[in-house]
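# Survey of secondary and tertiary structure
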Amino acid sequence: MILDPVHAFFNNPAFRKLWVRLRVPLVLAIAVAVLWCADPRWLLPGFLVSMTGELIQLWCFASLDKNRDLACNGPYALVRNPMYLGRFFIVLGFVMLIGNAWLTLAYVILYYFYMVNRVKREEAHLRTVLGAPYLD
């Protein structure tokens, strides 16, 4: 498949280890850059999108008993991975502050690859931890 190298990159253990080590300083640097370049016209829409994501995240946390029971209530009754959806909207609202459609599109594409590969790794873990209820 043409996207196999992209998926391989997102699953590369060395890249993932580097990302974990550098994510806090990188996110802080990006946050400063976004706030420096923010378009005030996008403040309210970006805030509303981010708060929608935060509400989804809070609903997820209230419905989850991590690594013990299979979550089938709350947002998990509607979407398979609602936490990733909430995170997507939190960061999307922040990216919207720049007011650049190309940057927003780049974020959506990068997040897609991040999420698809992260979910595959997580599902393998959940099959081991939760067993038959997860498979059903």
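Look above for the structure.
Quick look at the structure, then. Remember, predicted model here, so these are calculated numbers, not experimental data.

## Structural notes on helix H3 (residues 43-62)
Under the 1.5 Å per step criterion, the end-to-end length of H3 is 28 Å for 20 residues, consistent within 8% with the ideal 28 Å. Residues Gly-46, Ser-50, Gly-53, Ile-56, Gln-57 and Cys-60 constitute the buried set of H3. Angularly, the buried residues of H3 cover 110 degrees about the axis, an arc narrow enough to put them on a single face. In H3, the exposed residues that point more than 90 degrees away from the buried face are Leu-43, Leu-44, Leu-55 and Ala-62.

## Topic: a nonpolar patch on the surface
A cluster of nonpolar residues, Leu-18, Trp-19, Val-20, Leu-22, Leu-26, Val-27 and Ile-30, forms a patch on the protein surface that exposes about 610 Å² of accessible area. If you trace the backbone, Leu-18 turns up in helix H2 (residues 13-37). With relative accessibility at 43%, the residue Leu-18 sits in the partly exposed group.

## Here's the deal with the packing of helix H1 (residues 4-11) against helix H5 (residues 101-130)
Each pair of packed helices can be summarised by the angle the axes make with each other and by the distance between the axes. Between H1 and H5, the shortest axis-to-axis distance is 9 Å and the interhelical angle comes to 65 degrees. One way to sum up the angle between H1 and H5 is to call them roughly perpendicular. As for the relative orientation of H1 and H5, their crossing is right-handed in sense. Counting all contacts with H1, which are made through Val-6, His-7, Phe-10 and Asn-11, the residues of H5 involved are Leu-110, Phe-113, Tyr-114, Val-116, Asn-117 and Arg-121.

## Let's talk about the nonpolar core
Grouped together as the largest cluster of nonpolar side chains are eight residues: Tyr-84, Phe-88, Leu-92, Val-95, Met-96, Tyr-107, Tyr-111 and Val-119. Of all the secondary-structure elements, those providing two or more residues to this core are helix H4 (82-96) and H5. Per element, the largest residue contribution to this core is five residues, and it comes from H4. Setting aside anything within four residues of it in sequence, one finds Tyr-107 in contact with Arg-87, Phe-88, Val-91, Leu-92 and Val-95.

Rules used in this analysis
Residues numbered from 1 in each chain as written. Predicted model: local features only at pLDDT ≥ 70, side-chain atom pairs only at ≥ 80, totals over all residues. Heavy atoms only, no water. Helix = DSSP H or I, 4+ residues; strand = E, 2+ residues; numbered from the N terminus. Expected span 1.5 Å × (residues − 1). Buried < 20%, exposed > 50% of the residue type's maximum accessible area, 1.4 Å probe, protein only. Arc of directions from axis to C-beta. Patch = residues over 30% accessible without salt bridge, like charges linked within 9 Å, V, L, I, M, F, W, Y side chains within 5 Å. Areas by Shrake-Rupley, 256 points an atom, 1.4 Å probe, with all protein chains shown as cover. Salt bridge = Lys/Arg side-chain N within 4 Å of Asp/Glu carboxyl O. Axes fitted to C-alpha atoms, helices over the stretch in contact; angles between N-to-C directions. Parallel < 35°, antiparallel > 145°, perpendicular 65-115°, else oblique. Left-handed = near helix turned anticlockwise from the far one by under 90°. Contact = heavy atoms within 4.5 Å. Core = buried A, V, L, I, M, F, W, Y, C linked by side-chain atoms within 4.5 Å.

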